[in-house]
Amino acid sequence: MTLAGSGAPAPGARGARVPVRADLVDVEPYGAPQLAPPVRLNVNETPWPPPPAFLAALTQRLGELELHRYPDREATHLRAALGARNGLPPERVWAANGSNEVLVQLFQAYGGAGRAVLLARPGYSAHPLLARVAATGVVEVDLDGELRLGPQAVAAAVAEHDPALVCLASPNNPTGIPVAEETVRAAHDAGRGLIVVDEAYVEFGAPSVVGLLDELPRLVVVRTFSKAFRLAGIRLGYLLGQDWVVADLRRVRLPYHLDALTQAAGSVACELADAVTAHIPHIVAERDRVAAALGARGHTVWPSAANFLLFRVPGLAGAELFAALLARGVLVRDFSTRPRLAGCLRVTIGSAQENDAFLDALDASVQAVKEPAT
Ligand SMILES: *Cc1c(COP(=O)(O)O)cnc(C)c1O
């Protein structure tokens, strides 16, 4: 189809703007509101910066870079370091600007016109966005009443849609609930597409499916440095899978897609991984403390294996509660308009002080919303 066939002005009648691609007209830009109240618990970041030892090593490494040269196109050192951590050779490891870029490259390589990806609903909101930008159709399978995805449901959806990809976050976001191994096996065995398991939060204690890579030949695992590695400020994610997947991703990646500074930061983070991730036990303990505190107040909270909790205050509207919390300086994420998540908000686990501030603000908000001041 030409531009003329898309409702754009005819040649000669020059318009003041070019119409965006018809399949993007109803796409909303990604993003939670970027506000800066005192307590920000809305995008699952780590509350503490990386340790001084990391910054010192990175500073030294940056001094050794040749920034007048293009970066290593193959990110050789970084991929070897990531592979070594996961028992895989570099040919089975890929890295890009955030796991989001890995995902969009997967959609570009295996999706595209006439092909679809199967996603969980509700799931990670960037998945359908990235798929649509890569012109890949989206089909969805609903979570059950407990917000889980069973093997039968996913197998039936795969059989029905024959998707080129199945993409599942485990633990899922915003529920925090891991996808069972049987569900991943069922998705793989019911179809012929690529099974992508997005393990963005796996370091907080969820089981990984990396051990299934040799058994399920069309499985890949995607990970990120944005969450447990507390490096959301650099954009770095990676994939573990078969060498043919890595070879296909090299077809779609932009020339020199991963800059030298990011490669250096990732390599240093691998070398100092124990120090960079030393805070994880604190987050896990705090998560369990906050979950217990929410439960003790009679709120509904789902069991999370990630660094956030999905919760609901029975009888209260999510948007109202979100606004009341924000008015008290605490920013969380409102999921209450998503299917099956009526009334639900998601709170990132922060420092103990931030979590206490959240719980105090929640108590005050619940009271204010239930008994508005006259
Ligand atoms: C936060 C998150 C990511 C991270 O994406 P990056 O591009 O690596 O920052 C990926 N997947 C899920 C499910 C997430 O929640």
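In short, a report on the structure. (Residues numbered from 1 in each chain as written. Predicted model: local features only at pLDDT ≥ 70, side-chain atom pairs only at ≥ 80, totals over all residues. Heavy atoms only, no water.)

## Some words on the packing of aromatic side chains
Here is the rule: Centres within 6.5 Å make a pair out of two Phe, Tyr or Trp rings, where for Trp the six-membered ring is used; the pair is then stacked when the planes are under 30 degrees apart, edge-to-face when over 60, and tilted otherwise. Counting from the N terminus, the helices are DSSP H or I runs at least four residues long and the strands are E runs at least two residues long. Exposed residues in this analysis have more than 50% of their type's maximum accessible area, buried residues have under 20%, and partly exposed residues fall in between, with area computed by a 1.4 Å probe over protein chains only. Counting as a charge over the ring demands two things of the Lys NZ or Arg CZ atom: a distance within 6 Å of the ring centre and an angle within 35 degrees of the ring normal.
Evaluated as defined, the whole model comprises six aromatic pairs. Ring geometry for Tyr70 against Tyr256: centres 4.0 Å apart, planes inclined by 10°, an arrangement best described as stacked. You can see Tyr70 sitting in the loop between helix H1 (52-63) and helix H2 (76-86) and its partner Tyr256 sitting in the loop between helix H7 (243-252) and helix H8 (260-271), a full 186 residues away along the chain. On the basis of relative accessible area, Tyr70 is assigned to the exposed category, the value being 63%. For Tyr256, a relative accessible area of 29% puts it in the partly exposed group. Their ring planes at 55° and their centres at 4.8 Å tell us that Phe225 and Phe229 sit as a pair that is tilted. Every member of this aromatic cluster is reached through a ring pair, and the members are Phe225, Phe229 and Tyr238. One cation-aromatic arrangement involves Arg346 over Phe308; the distance from NZ or CZ to the ring centre is 5.5 Å.

## Details of the sheet that holds strand E10 (residues 308-312)
Rules: By the convention used here, strands pair only if DSSP detects at least 2 bridges between them. In what follows, a contact means two residues having at least one pair of non-hydrogen atoms within 4.5 Å. Axis definition: a line fitted to C-alpha atoms, limited for helices to the stretch in contact. Angles are taken between N-to-C directions and run from 0 to 180 degrees.
One open sheet accounts for four strands, arranged E9-E10-E13-E12; its pairing is antiparallel. Pairing within the sheet leaves two strands with one partner each, and these edge strands are strand E9 (300-301) and strand E12 (333-334). Inspection of the sheet shows E9 paired to E10 by two bridges, in the antiparallel sense. Residue pairing across strands places Val301 opposite Phe311, the latter belonging to E10. Across the face of the sheet, helix H10 (residues 280-296) comes into contact with E9 and E10 while running at roughly 5° to E10.

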